[in-house]
Amino acid sequence: MRKLANEQGVDLASVTGTGVGGRIRKQDILSAQAPAAAEAPARQQLETSPLRGTTVPMTRLRKVVAERAVVSMTSTAQLTSVVEVDVTRIARLRDKVKGAFLEKTGNKLSFLPFFALAAAEALRAYPIINSTVDGDSIVYPATENMSIAVDTERGLLTPVIRDAGELDIAGLAAQIADLAERTRNNQLKPDELSGGTFTLTNTGSRGALFDTPVVFLPQSAILGTGVVVKRPVVVSQDGSEAIAIRSMVYLALSYDHRIIDGADAARFLTAVKARLEEGAFEGDLGL
């Protein structure tokens, strides 16, 4: 019987015998077979693109982006610094207020406005990240005009939130939603794509852990936000360490090393990280 139980994947200790005196019979073991593994879900098939095996000319927008990317990479010294941020407190705040936020503003409350607000505040403290190069001079703009990268069928576009540093979470969420919708619907005015001093790109919206975004001139820096994921993390509690499930995200800052040093980038990222991990945005929601 023990051999049969091993073959059937059955623990004899868990089998109730129906034989004389409670003895385990062959039928008892067969009846107690481990349940069959659940059927694997059907594999999600990727559709074959009609572009496969074809040759198509670049669109005008793709040509412009390609040219600007090459010029930017060949005329600047770009590198990327990355920090890991615990946004659990923001996640809890979102869960608490997202219903009221949607009802009052008409916009869903994502993580992006929180990232934008923290970045705008840090740009005020560390304006070198918001600066541009003009010949042998460094220009420090008086405002934080934040470009928001928007993925469209025509390619990547970066409409600008003017004076982002003056807006609260509701204001930033409204601007982001409005600009993204009008960008995708080709309804932007030409001047809404110019004048940005810093760019925020949400690479996590497509599931990327993080990437190393490219800085486009005349700007000197771009912040990429990765996907927010829950995972076990070592945290400090009452002077001791414990493992807890936290909402974590990577922030990647690419910058022009001609004028921005690694220490500058680290100070900016540390300020953004501290603001986000503190999570004290109740007074900045704009509700």
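This text follows the structure it describes.
Quick look at the structure, then. All values reported here derive from a predicted model rather than from experimental measurement.

### Topic: the packing of helix α5 (residues 112-125) against helix α7 (residues 262-278)
Alright, step 1. The N-to-C vectors of α5 and α7 enclose an angle of 135 degrees; their axes lie 9 Å apart at closest approach. By the criterion of interaxial angle, the relationship of α5 to α7 is oblique. Regarding α5 and α7, the two cross each other, and that crossing is right-handed. Residues F114, F115, L117, A118, A119, E121, A122 and L123 of α5 form the contact with α7, whose participating residues are F268, A271, V272, R275 and L276.
Alright, step 2. Class assignment of the residues belonging to the contact of α5 with α7 gives a composition of eleven nonpolar, no polar and two charged.

### Here we look at the packing of aromatic side chains
Alright, step 1. Enumeration over the complete set of coordinates arrives at four aromatic pairs.
Alright, step 2. Centroid distance F210 to Y250: 5.4 Å. Interplanar angle 55 degrees. Geometry classified as tilted. With a gap of 40 residues between them, F210 in the loop between β8 (198-201) and β9 (221-225) and Y250 in strand β11 (residues 240-256) connect regions that are remote in the sequence.
Alright, step 3. Residue classification places F210 among the partly exposed residues on the basis of a relative accessible area of 36%.
Alright, step 4. Sitting over the ring of F281, R275 keeps its end group 4.1 Å from the ring centre.

Conventions and cut-offs
- Residues numbered from 1 in each chain as written.
- Predicted model: local features only at pLDDT ≥ 70, side-chain atom pairs only at ≥ 80, totals over all residues.
- Heavy atoms only, no water.
- Axes fitted to C-alpha atoms, helices over the stretch in contact; angles between N-to-C directions.
- Helix = DSSP H or I, 4+ residues; strand = E, 2+ residues; numbered from the N terminus.
- Parallel < 35°, antiparallel > 145°, perpendicular 65-115°, else oblique.
- Left-handed = near helix turned anticlockwise from the far one by under 90°.
- Contact = heavy atoms within 4.5 Å.
- Nonpolar A, V, L, I, M, F, W, Y, C, P; charged D, E, K, R; others polar.
- Phe/Tyr/Trp six-rings, centres within 6.5 Å; stacked < 30°, edge-to-face > 60°.
- Buried < 20%, exposed > 50% of the residue type's maximum accessible area, 1.4 Å probe, protein only.
- Lys NZ or Arg CZ within 6 Å of the ring centre and 35° of its normal.

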